[in-house]
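Survey of secondary and tertiary structure
Below are the chains, spelled out letter by letter.
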Amino acid sequence: MDAKDVQRAVARIAHEIIERNKGAKDLVIVGIRARGDYLAARVAEVIEGIEGLTIPVGIIDITLYRDDLQVVLEQPVVHKTDIPFDITGQVVILVDDVLNTGRTIRAAIDQLIDFGRPKSIQLAVLVDRGHRELPIRADYVGKNVPTSQGQQVEVRVREVDGSDEVVVVEEPFPR
Amino acid sequence: MKWQSRHLLGLEGVSAEEIRLILDTAGSFKEILERPIKKVPALRGITVANLFFEPSTRTRFSFELAEKRMSADSVSFSTATSSVKKGETLKDTVKNIEAMRVDMVVIRHSAAGAPHFLARCVDAAVINAGDGAHEHPTQALLDMMTLREKYGSLEGLRVVIVGDIAHSRVARSNIWGLRTMGASVIVCGPKTLLPLDVEQLGVDVSVNLDEALEGADVINVLRLQLERQTQGLLPSMREYNREYGITLQRLAGAKESLTIMHPGPINRGVEITPQVADGPYSVILDQVLNGVAVRMAVLFLLSGGEPKLT
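1. Examining the nonpolar core
Counting 89 residues, the largest nonpolar core has Leu64(A), Leu141(B) and Phe300(B) as the members making the most contacts within it. Looking at which element gives the most residues to this core, the answer is helix 10 (residues 284-303) of chain B, with 10 residues. Every residue in contact with Phe300(B), bar those within four places of it in the chain, is listed here: Thr63(A), Leu64(A), Leu69(A), Gln75(A), Pro76(A), Val78(A), Thr25(B), Phe29(B), Ala42(B), Leu43(B) and Met70(B). If you look at the next biggest cluster of nonpolar residues, it comprises 29 residues, including Ile13(A), Ile47(A), Val91(A) and Val127(A).

Here it is as structure tokens:
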């Protein structure tokens, strides 16, 4: 996917969110680090453009909720979670770049619940690549990309990587 | 930057990158303390033993809270109610506790080097919570975190440490850490309370407080350790207060951005007046809050390691 494709996918997801929720009232968007946060901001921007409302946007870092912390050799770097609003009673749109095993989403949902009791949580991802290990599905998908386990899907965003694109790369050291 | 060390025994020899990693991690953890549910599941299944062979309120409380916030299980122990009273050695005490499958040990001990000794004889990760007059690394880390929050960087800060330098582990850890991070350090106190050859740690030394305070960004006021003042090192508390007590009058010419720190517990009216301790320059209670975040970060970083094969 190139920059145009990413932009179209984000725009369509934003429209679908508004359609499904009949507007953007009580809607908040939370992006998962380290790429979902930028996508979340863009989805929010499109929705704000259409509905004329300000959509609160938060950032979630799921490191401390990972299920493999005791397995990995070195602890990953933890960044800040920043949800400066109350999510209780709100519809939370969780945004991530790639949906793969579903474990990240599990961790994110667990963490969100610690912040309050949302009315519902919906999941939007730019790329769904399959390989689920948990019963989790996305409500809004930018693109389904069938891949093999040996491949990696890299989502690049202009804020960090200089350009918007999605590429499939072969893992140099297959497991 | 990834964390490599198995233990945190002191700040001597800890690199600037490692200190930065701890402080960055602690900065992320601080947010957890503001949540409605102040708990994350990161250390589920990890058991921490807090062994306090010396009295402590703040540090012990802070470690215990940090452990709870991270979902670790913790057991605490104080000398007064333990088998140490029956003559058990340090090594035996800890070996027994470790036999009950403890993953990490937080230790405070009156003997310098006690945590280092433990680190050699047990498998658990060891965190030094103060060993004699040697080091108190988490205190220095929380001091540096507090300063970094205020100034953005420690580079070039002029930090005056006032008081009983000779008996102070807080001073020693702060000197190591601050020097590594590029701050300059002046230690100030009566000659009897300054260690011999303290210049070798890369600090300036002064016996005149007013001189030392010129151009200072930070004053770290040490507690006058009343329990250690039995050897006639000071003529009287009153004289100490007159020469080295931090008062508002003394700070008349200070920078507007001056920061006053104190590791606690405070002897009000001895090393610092209440007007200063509760005044505008004081960040003493910020230090306490940051202490929990720093200890969460240290516990988290040390809990990584080889995958456990059970």
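2. Let's talk about the packing of helix 5 (residues 137-151) of chain B against helix 6 (residues 169-180) of chain B
Residues and elements named next belong to chain B. Running from N to C, helix 5 and helix 6 point in directions that differ by 55°, and their axes come no closer than 8 Å. The angle between the axes of helix 5 and helix 6 places the two elements in the oblique class. Between helix 5 and helix 6 lies a crossing of right-handed hand. Along the contact surface, helix 5 presents Pro137, Gln139, Ala140, Asp143, Met144 and Leu147, while helix 6 presents Val170, Ser173, Asn174, Gly177 and Leu178. Of the residues assigned to the contact of helix 5 with helix 6, the class counts are six nonpolar, four polar and one charged.

3. Some details on the packing of aromatic side chains
This model, assessed by the stated rule, comprises three aromatic pairs over all chains. A cation over a ring is seen here: Arg295(B) above Phe63(B), with NZ or CZ 5.0 Å from the ring centre.

4. Brief notes about the domain arrangement of chain B
Residue and element names in this part refer to chain B. Annotation of chain B at the domain level lists domain 1 (16-136 + 289-303) and domain 2 (137-288). A separation of 25 Å is found between the C-alpha centroids of domain 1 and domain 2. Across the contact, 31 residues belong to domain 1 and 30 residues belong to domain 2. Carbon and sulfur atoms supply 58% of the area buried between domain 1 and domain 2, which totals about 2400 Å² over both sides. If you sort the residues of domain 1 by the area they bury against domain 2, Leu23, Arg58 and His136 come out on top, with a joint share of 28%. Counting every contact that joins domain 1 to domain 2 gives three salt bridges. Lys30 is paired through a salt bridge with Glu149; the nearest N and O atoms lie 2.8 Å apart. Applying the counting criterion to the domain 1 and domain 2 interface returns 21 residue pairs in polar contact (both at pLDDT 80 or more). Mapped by element, the contributors of at least two residues to the side of domain 1 that touches domain 2 are helix 1 (16-30), helix 2 (58-69), strand 3 (104-109), strand 4 (125-131) and helix 10.

5. Brief notes about the sheet that holds strand 5 (residues 140-144) of chain A
All names here are of chain A. Spatially, five strands are ordered 2-1-3-4-5 in an open sheet, and the strand pairing comes out parallel. One side of each edge strand has no neighbouring strand; the edge strands of this open sheet are strand 2 (57-60) and strand 5. Pairs of neighbouring strands in the sheet enclose a mean axial angle of 25°, with direction left out of account. Two strands pair when backbone bridges link them, and strand 3 (residues 91-99) and strand 4 (residues 120-128) are joined in this way by eight bridges, in the parallel orientation. Within the sheet, the bridge partner assigned to Ile93 lies in strand 4 and is Gln122.

6. With respect to unusual backbone geometry
Looking along the chain, the bond that leaves Arg33(A) and enters Ala34(A) is cis, with omega of 10°. Locating Ala34(A) in the fold gives a position in the loop between strand 1 (27-32) and helix 2 (36-51). With an omega dihedral of -10°, the bond running from Gly264(B) to Pro265(B) counts as a cis peptide bond. By the element assignment, Pro265(B) lies in the loop between strand 9 (259-261) and helix 9 (274-277).

Rules used throughout
Each chain carries its own residue numbering, running from 1 in the written order of its sequence. Naming scheme: in the order in which they are written, chains are lettered from A and ligands are numbered from 1. Under the rules for a predicted model, residues below a pLDDT of 70 receive no local features and side-chain atom pairs below 80 are neither given nor counted, while totals for whole chains, interfaces and linings still include all residues. Computation of side-chain values covers all heavy atoms of the structure but excludes hydrogens and water. Only buried Ala, Val, Leu, Ile, Met, Phe, Trp, Tyr and Cys residues count toward a nonpolar core, and they belong to the same one when joined by side-chain atoms within 4.5 Å. Exposure classes here rest on a 1.4 Å probe applied to the protein chains alone. A residue is buried below 20% of its type maximum, exposed above 50%, and partly exposed in between. Per the convention used, a helix needs a DSSP run of H or I reaching at least four residues, while a strand needs a run of E reaching at least two, with both numbered from the N terminus. Here, two residues are considered to be in contact whenever any of their heavy atoms come within 4.5 Å of each other. For helices, the fitted line uses only the C-alpha atoms of the stretch in contact; every axis is such a line through C-alpha atoms, and the angle between N-to-C directions lies from 0 to 180 degrees. For classification purposes, an angle smaller than 35 degrees is called roughly parallel, one larger than 145 roughly antiparallel, one from 65 to 115 roughly perpendicular, and anything else oblique. Crossing handedness is defined as follows: a turn of the near helix away from the far one that is anticlockwise and smaller than a right angle gives a left-handed crossing, while the clockwise case is right-handed. Side-chain classes follow a simple rule in which Ala, Val, Leu, Ile, Met, Phe, Trp, Tyr, Cys and Pro form the nonpolar group, Asp, Glu, Lys and Arg form the charged group, and the remainder, Gly included, forms the polar group. Any pair of Phe, Tyr and Trp rings, taking the six-membered ring for Trp, is counted once the centres come within 6.5 Å. Such a pair is stacked with planes under 30 degrees apart, edge-to-face with planes over 60 apart, and tilted for the rest. The rule is short: NZ of Lys or CZ of Arg within 6 Å of the ring centre and within 35 degrees of the ring normal puts a charge over the ring. Segmentation of the chain into domains, including their bounds, is taken from an automatic or database domain assignment. Here's the idea: put two parts together, see how much 1.4 Å probe accessible area each one loses, and the total over both is what we call buried area. The term salt bridge refers to a side-chain nitrogen of Lys or Arg lying within 4 Å of a carboxyl oxygen of Asp or Glu. Nitrogen and oxygen atoms within 3.5 Å of one another constitute a polar contact, given that in protein one can donate a hydrogen and the other can accept it, and given that sequence-neighbouring residues count only through two side-chain atoms. At least two DSSP bridges between two strands are needed for those strands to be called paired.

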